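Spelled out, the chains give:
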Amino acid sequence: MTEEVPQGVDPHIPNAARMYDYFLGGKDNFQADRELAELVLSVLPETRDGTRENRALIGRVVRYLCEQGITQFLDLGSGLPAQENVHEVAHRHNPEARVVYVDNDPVVAAHGRAMLADPNRVAMVLGDARRPEEILNDPDVRNLLDFDRPIAVLMMFLLHLIPDEDDPQGFVAAYREAMAPGSYLAITHVGSDHHSELTARVSEFYQRANMPFRPRPGKEIAAFFGDFELIPPGLANGMAQELVWPFADPNQPIFLDEEMARMGYAGIGRKLPS
């Protein structure tokens, strides 16, 4: 990214989405983002590989959901455009699939809108996932997505950037309530069950950023799925046997680095008929 600063953006405050872009090797970031990202890497160098593997996992999850017949996707906290974006993967399986990206960063929204040339199938919405009523009633969201039909809501690498005081359990429940039976909720989340001292250091670094870093134990992460039926093996970290993951590539583990595998949780839940 050139150092030209978009209106309303403070380049001196590190931004989680732009740090994510830096971990992926992107150029859509400012000096403050790079400096804080390097601090994180100094403590947890596996972050770069883990971020790239999470990006690959998004594509696997979308492919799996397409195979289940899902044609609508709401990607919350989507971050900056990268390789294998949700709509690209979905459209390879079904050209008529509809995708809405949501992010609260104006830079992310501007880049997303610039790369999207098909308003009949894909939209980028500037909005805050923590405000489900606003997102669910947004005209662009409603124009593309029909919540009376099964939909996939993606919260990939999002919820560990939400502090407890923002009531993540409450707003995730609001999305679950709005989804029709047969819908899916997909979550990846950094866990605190392993290497809690390292994640605590990273959390301290993120106090300088626009969003905090809040890893959680597996039990708390599992609660985000409410009464949804978890697809086997349920919520599990990357140490699970790969062949039992329906969205895994048997030739490549979800997380190549063993330490990152212990820290990274993933799961998909399905809403059953009431």
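Residues numbered from 1 in each chain as written. Predicted model: local features only at pLDDT ≥ 70, side-chain atom pairs only at ≥ 80, totals over all residues. Heavy atoms only, no water.

Colleague: What is the right way to look at the packing of aromatic side chains in this model?
Modeller: How two aromatic rings sit relative to each other is set out by the distance from centre to centre and by the angle between their planes. A full pass over the atoms with the stated rule returns three aromatic pairs. Between Phe171 and Tyr175, the aromatic rings sit 6.5 Å apart at their centres with planes inclined by 85 degrees, giving edge-to-face as the arrangement. Taken together, the residues span about one helical turn, with Phe171 and Tyr175 both in helix α8 (residues 168-178) at a distance of four residues. Of the two residues, Phe171 and Tyr175, neither departs from the other in class, the shared state being buried. (Phe/Tyr/Trp six-rings, centres within 6.5 Å; stacked < 30°, edge-to-face > 60°. Helix = DSSP H or I, 4+ residues; strand = E, 2+ residues; numbered from the N terminus. Buried < 20%, exposed > 50% of the residue type's maximum accessible area, 1.4 Å probe, protein only.)

Colleague: Can you help me understand the pairing of strand β8 (residues 264-270) in this one?
Modeller: Sheet faces and side chains relate simply in a regular strand, where the side chains alternate between the two faces. Among the seven residues that make up β8, six are buried, leaving the element largely enclosed by the rest of the structure. As paired strands, strand β5 (residues 184-190) and β8 are joined by seven bridges and run antiparallel to one another. Paired with Ala186 across the two strands is Ile268, which belongs to β8. Two strands pair when backbone bridges link them, and strand β6 (residues 229-230) and β8 are joined in this way by two bridges, in the antiparallel orientation. Considered in β8, the bridge of Leu230 is made with Gly269. Where strand β7 (residues 236-237) meets β8, two bridges bridge the pair, whose relative direction is antiparallel. Within β8, the position partnered with Asn237 by the bridge is Tyr265. (Pairing = 2+ DSSP bridges.)

Colleague: What's the story with the environment of Glu67 in this structure? I'm lost.
Modeller: For Glu67, the location among the structural elements is in helix α3 (residues 46-67). Overall, Glu67 belongs to the exposed group, its relative accessible area being 55%. Expressed as a C-alpha distance, the spacing of Glu67 and Asn94, which sit 27 residues apart in the sequence, is 9.7 Å.

Colleague: Is there a simple way to explain the pattern of salt bridges in this structure?
Modeller: Side chains that carry opposite charge are capable of pairing whenever their charged atoms lie near each other. As enumerated under the stated definition, the model contains ten salt bridges in all. Linking Arg18 and Asp33 is a salt bridge whose minimum nitrogen-to-oxygen distance equals 2.7 Å. Residue Arg18 is found in helix α1 (residues 16-23), and its partner Asp33 is found in helix α2 (residues 31-43); the two are separated by 15 residues along the sequence. No difference in accessibility class separates Arg18 from Asp33, as the two residues are buried. Put simply, Arg214 and Asp164 hold a salt bridge, and the shortest N to O gap is 2.7 Å. Of the two residues, Arg214 sits in the loop between α9 (196-205) and α10 (218-223) while Asp164 sits in the loop between β4 (152-156) and α8, which places them 50 residues apart along the sequence. What makes Arg214 partly exposed here is its relative accessible area of 24%. Connected through shared salt-bridge partners, Asp164, Arg214, Arg216 and Glu220 make up one network. (Salt bridge = Lys/Arg side-chain N within 4 Å of Asp/Glu carboxyl O.)

Colleague: Would you explain the packing of α1 against α3 in this entry?
Modeller: The geometry of a pair of packed helices is captured by two quantities: the angle between their axes and the separation between those axes. The contact between α1 and α3 brings their axes to 8 Å, and the two run at 95 degrees. One element, α1, and the other, α3, form an angle in the roughly perpendicular class. Contact residues: Tyr20, Tyr22 and Phe23 in α1; Thr47, Arg48, Thr51, Arg52, Asn54, Arg55 and Ile58 in α3. Its residues placed into classes, the contact of α1 with α3 shows four nonpolar, three polar and three charged. (Axes fitted to C-alpha atoms, helices over the stretch in contact; angles between N-to-C directions. Parallel < 35°, antiparallel > 145°, perpendicular 65-115°, else oblique. Contact = heavy atoms within 4.5 Å. Nonpolar A, V, L, I, M, F, W, Y, C, P; charged D, E, K, R; others polar.)

Colleague: Just checking my understanding: could you explain the pairing of β5 for this structure?
Modeller: Across the seven residues that make up β5, a large majority, seven, are buried. Covered by surrounding structure in β5 are Tyr184, Ala186, Thr188 and Val190 together with Leu185, Ile187 and His189, the residues of both alternating faces. Across five bridges, β4 lies against β5 in parallel orientation. Note that in β5 the partner of Val153 across the bridge is Leu185. Considered for its hand, the β-α-β crossover made up of β4, α8 and β5 is right-handed. (Right-handed = clockwise from strand over helix to strand, strands pointing away.)

Everything listed here is a matter of geometry and, on its own, says nothing about what the molecule does.
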